[in-house]
Amino acid sequence: MTDPTDQGGEPFFSFLVGDDFSIAVELGAWVAPAVLLLVCVALIWLWLRGRIGLGNFELDSAGIGIGDTTVSFKPNRTDRQIAYAIWVELSTRKVGLAIDPEHDVISEIYDSWYSFFGVTRDLIKEVPAHKLKSKGTRSIVRASVQVLNEGLRPHLTKWQARYRRWYETTLKDDDFREPQLVQQDFPKYDELVQDLLEINAKLIEYRKAMYELATGDHESVIAIDPETSN
């Protein structure tokens, strides 16, 4: 029989071998409650970790070009799920990826922006109203709405219709040149592209912020083939 003891002589546990070679372990009177307490503490810690997120997070509106305020909050599980969903949309479409005017087709970029607008709008509509009591969730939803209304919408309102009409008409009369070359003949091409790149830079920062919010870490290089993005 093994009988480890503490300094007061009370056994932590007893290891007993019977005459029939059966084995039994007896815990000291205080050991079982102590183990139970440790398990409870561990479960509570895991629960709190899931509830309060990965620590403080600062959502810098200026960094993504939608204002000049910075909101600090502790992201919860809902916040991280929303941020992750938005990050996926930004990272798998020609929205949050760097635009190359010489190789990307502007009409395809507009298709991607339009799709992202609808997907993001539906995503934030699905957030239960009671979740908006959370400062973090409310801040993410507000920032997402601002990205749509103050980022994408003004550019699309100013440029998309007039560009598409010109492009579709011109493309019909120019079947020999590549679309990337045809689009450069747009009367205000340089102005459009400059505005396009400015919005693109804001969306890239927005993507990075959503990744950091979702994971608690800075975004690493993403292995995505732009040719497969829509």
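Not measured: the values here are computed from a predicted model.

### Notes on the overall build of the chain
- Within the chain, the regular secondary structure consists of six helices and four strands.
- Ordering the α and β elements of the chain from the N terminus gives β-β-α-β-β-α-α-α-α-α.
- Of all 230 residues assigned to the chain, the portion counted as buried reaches 38%.
- A separation of at least 24 residues holds for 59% of the contacts in the chain among residues at least 6 apart in sequence.

### So, the packing of aromatic side chains
- Applying the stated criterion across every chain yields a total of nine aromatic pairs.
- Ring geometry for Trp-159 against Phe-186: centres 6.2 Å apart, planes inclined by 70°, an arrangement best described as edge-to-face. Here Trp-159, found in helix H4 (residues 135-172), pairs with Phe-186, found in the loop between helix H5 (179-182) and helix H6 (189-215); they are 27 residues apart in sequence, far enough to count as distant.
- With a relative accessible area of 1%, Trp-159 lands in the buried category.

### Describing the packing of helix H2 (residues 77-91) against helix H3 (residues 106-125)
- Interhelical geometry of H2 versus H3 gives an angle of 170° and a closest axis separation of 11 Å. The orientation of H2 with respect to H3, classified from their angle, is roughly antiparallel. Judged by residue contacts, Ile-82, Ala-85, Ile-86, Glu-89 and Leu-90 of H2 engage Phe-116, Val-119 and Leu-123 from H3.
- When grouped by side-chain class, the residues that make up the contact of H2 with H3 number seven nonpolar, no polar and one charged.

### Details of the confidence of the model for the chain
- Chain-level statistics for the chain give a pLDDT mean of 77 and a share of 69% at 70 or above.
- Ignoring residues within four places in sequence, the model shows residues 1-7, a span with pLDDT below 50, making 16 contacts including any to other chains.

### Quick word on H3
- Between the first and last C-alpha of H3 there are 29 Å, a value that for 20 residues agrees with the 28 Å anticipated at 1.5 Å per step.
- What H3 keeps buried is the set Ile-106, Ser-107, Ile-109, Tyr-110, Ser-112, Trp-113, Phe-116, Phe-117, Gly-118, Thr-120 and Ile-124.
- Considering only its buried residues, H3 is in contact with H2, H4 and H6.

### Notes on the pattern of salt bridges
- Evaluated as defined, the whole model comprises five salt bridges.
- The salt bridge involving Arg-93 is made with Glu-89; its shortest N-O contact spans 2.7 Å.
- Arg-93 gets classed as buried once you look at its relative accessible area, which sits at 17%.
- Residue class for Glu-89 comes out buried when judged on its relative accessible area of 18%.
- Across the salt bridge formed by Arg-164 and Asp-111, the nearest N and O atoms sit 2.6 Å from each other.

### Observations concerning the nonpolar core
- Of all hydrophobic cores here, the largest spans 45 residues; its most connected members are Tyr-110, Trp-113, Leu-152 and Met-210.
- At the level of elements, strand S3 (57-60), H2, H3, H4 and H6 are the ones that each hand at least two residues to this core.

### Some points on the packing of H4 against H6
- Interaxial distance between H4 and H6 falls to 11 Å at its minimum, and their mutual angle equals 160°. Considered as vectors, H4 and H6 are oriented roughly antiparallel to each other. By crossing handedness, the relation of H4 to H6 is classed as left-handed. Taking contact as the criterion, the partners of Ile-140, Ser-144, Val-147, Gly-151, Leu-152, His-155, Lys-158, Trp-159 and Tyr-163 in H4 are, on H6, Glu-191, Leu-192, Asp-195, Leu-196, Ile-199, Leu-203, Tyr-206, Met-210 and Leu-213.
- Class assignment for the residues of the contact of H4 with H6 results in 12 nonpolar, three polar and three charged.

Parameters and conventions
- Residues numbered from 1 in each chain as written.
- Predicted model: local features only at pLDDT ≥ 70, side-chain atom pairs only at ≥ 80, totals over all residues.
- Heavy atoms only, no water.
- Helix = DSSP H or I, 4+ residues; strand = E, 2+ residues; numbered from the N terminus.
- Buried < 20%, exposed > 50% of the residue type's maximum accessible area, 1.4 Å probe, protein only.
- Contact = heavy atoms within 4.5 Å.
- Phe/Tyr/Trp six-rings, centres within 6.5 Å; stacked < 30°, edge-to-face > 60°.
- Axes fitted to C-alpha atoms, helices over the stretch in contact; angles between N-to-C directions.
- Parallel < 35°, antiparallel > 145°, perpendicular 65-115°, else oblique.
- Nonpolar A, V, L, I, M, F, W, Y, C, P; charged D, E, K, R; others polar.
- pLDDT = per-residue confidence, 0-100.
- Expected span 1.5 Å × (residues − 1).
- Salt bridge = Lys/Arg side-chain N within 4 Å of Asp/Glu carboxyl O.
- Core = buried A, V, L, I, M, F, W, Y, C linked by side-chain atoms within 4.5 Å.
- Left-handed = near helix turned anticlockwise from the far one by under 90°.

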